[in-house]
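Structural overview for review
Here are the chains, one letter per residue:
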Amino acid sequence: MILDIRGKQLKLETAADVAPFITGVDPTKITAIHLGGNSIGVEAAKEFGRFLETADVLQLADLGDIFTGRTIEEIPAAIQALLDPLSHKTSLREINLNDNAFGERVVPFLTPFLETNHSIRVLRLNNNGLGPAGGKKIAEAVCKSAPTDGSRSNLEVVICGRNRLEDPGATAWAKAFEAHKTLTEVQMPQNGIRMDGAEALGRGLVACSELQIVNFQDNAFIDVEMDEEGRKAVRAWSEAIKTSWPKLRFLDLSDCMLSNGEGEVPPLLEAFNDANTKNLQNLQELRLQNNNLDAKSYEVLAQAVTKLTKLKRLDLQDNDDVEDNEHLDDIAEHLNAHGGKLIRTEEDEEEEEDEENVEESPEEVKEAEEFPAPLATEDKSTFEMVAGTLANLMSKVHVG
């Protein structure tokens, strides 16, 4: 059973406001609760918390975007009321806290849950305004939840973008990833992470041999004012790509300043052409937009794509001379011959979208419903996409 009041734009203040949505509902049968798109006050949160105390088969708690219009004085007590009942739920698989303006001040009310619940597989903390200090404390709490007895961690997916983690937050997350080792998906775009933090993440994620999806878009890898020292993050990720992620399917390093734009070929690209490229045989999508790449880098990529046998999409928008280069022509021809596509310009992307929007046959629609797209985007985790089909089947059971 699913309790779903998403997007109703309700302002719930009291227990009486909540009552119409939970009266007559058996919490022991609830597998998912969606509260997003509503504004929940302290007393309303406490009432939902009481309801959740006996929700012992709950698998998904969607608490994203539930504090619009709420003051910083209200949010700590409200989030504590919602999370405390979930701290020891062994059935819980996913927690979504996206788009809540927590800031560092609310972090102490989040960390007890993150330290205590060891069953979570998917943790969504996108756009929470954590900042470097808050992000560091959150990562340390996640790190503390890692098993210390040699058993396998349950954590598989971490989404923590748009939080201004910077280097202190990124370094702490690197330790958390290394402690858990079980990550299959990590998305940390737009966090103001620079060279030191990027290096730490590259080294921490080496421990995660099951990684399939990595999104690090819009963070900086190099310091253009430095020579070898300024390239240490790129080298760390190069080593990880060559040796550690044999299941990798999706990699987004767009807007990451991989090169200085003066004919420099990033070691990371050379890794794609290394003898150990067998570790990348599952790579399906590679995004490298706006990284100061030029003809020399394209030459290396042209050699690499022949080895990346499952690559279907390569995005090189906003790099140098993308519209007139023979190596890119070769890449485009190779990908097209294998059912893939090179994205050089915005027009290429629009053309791809148009092709995807072409009316599908009933058989194709049925297949798409049964087998959701395997790759994550900026907005959806792998867990959410796979769970989508189940959610659709259960959508007839709604309360409220």
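Residues numbered from 1 in each chain as written. Predicted model: local features only at pLDDT ≥ 70, side-chain atom pairs only at ≥ 80, totals over all residues. Heavy atoms only, no water.

1. Description of the pattern of salt bridges
Applying the stated criterion across every chain, the model contains 26 salt bridges. Beyond isolated ion pairs, a larger network of salt bridges with shared partners links Asp252, Glu285, Arg287, Arg313, Asp315, Glu349 and Glu352. (Salt bridge = Lys/Arg side-chain N within 4 Å of Asp/Glu carboxyl O.)

2. Examining a negative patch on the surface
Taken together, the side chains of Asp318, Asp320, Asp321, Glu323, Asp324, Glu346, Glu347, Glu350, Glu353, Asp354, Glu355 and Glu356 define an acidic patch exposed on the protein surface. Locating Asp318 in the fold gives a position in the loop between strand S13 (313-315) and helix H12 (326-337). Take Asp318: its relative accessible area is 54%, and that puts it in the exposed class. (Patch = residues over 30% accessible without salt bridge, like charges linked within 9 Å, V, L, I, M, F, W, Y side chains within 5 Å. Areas by Shrake-Rupley, 256 points an atom, 1.4 Å probe, with all protein chains shown as cover. Lys, Arg positive; Asp, Glu negative; His and termini not counted. Charge placed at Lys NZ, Arg CZ, Asp CG, Glu CD. Helix = DSSP H or I, 4+ residues; strand = E, 2+ residues; numbered from the N terminus. Buried < 20%, exposed > 50% of the residue type's maximum accessible area, 1.4 Å probe, protein only.)

3. Overview of unusual backbone geometry
In this structure, Gln9 is a non-glycine residue whose phi angle is positive, near 55°. Look at Gln9 and you get exposed, because its relative accessible area is 72%. The backbone of Asp218 sits at a positive phi, close to 65°, despite the residue not being glycine. Here Asp218 is to be found in the loop between strand S10 (213-215) and helix H9 (232-243). Judged by its relative accessible area of 36%, Asp218 falls in the partly exposed class.

4. Comments concerning the sheet that holds strand S1 (residues 2-4)
Spatially, 12 strands are ordered S1-S3-S5-S6-S7-S8-S9-S10-S11-S12-S13-S14 in an open sheet, and the strand pairing comes out parallel. For this open sheet the edge positions go to S1 and strand S14 (341-343), each flanked by a neighbour on one side alone. Ignoring strand direction, the axes of neighbouring strands in this sheet form an average angle of 5°. As paired elements, strand S3 (residues 32-34) and strand S5 (residues 60-62) share three bridges and run parallel to each other. Pairing of His34 across the sheet is with Asp62, part of S5. In the packing of H12 onto the sheet, contacts are made with S13 and S14, and the angle to S14 comes to roughly 140°. (Pairing = 2+ DSSP bridges. Axes fitted to C-alpha atoms, helices over the stretch in contact; angles between N-to-C directions. Contact = heavy atoms within 4.5 Å.)

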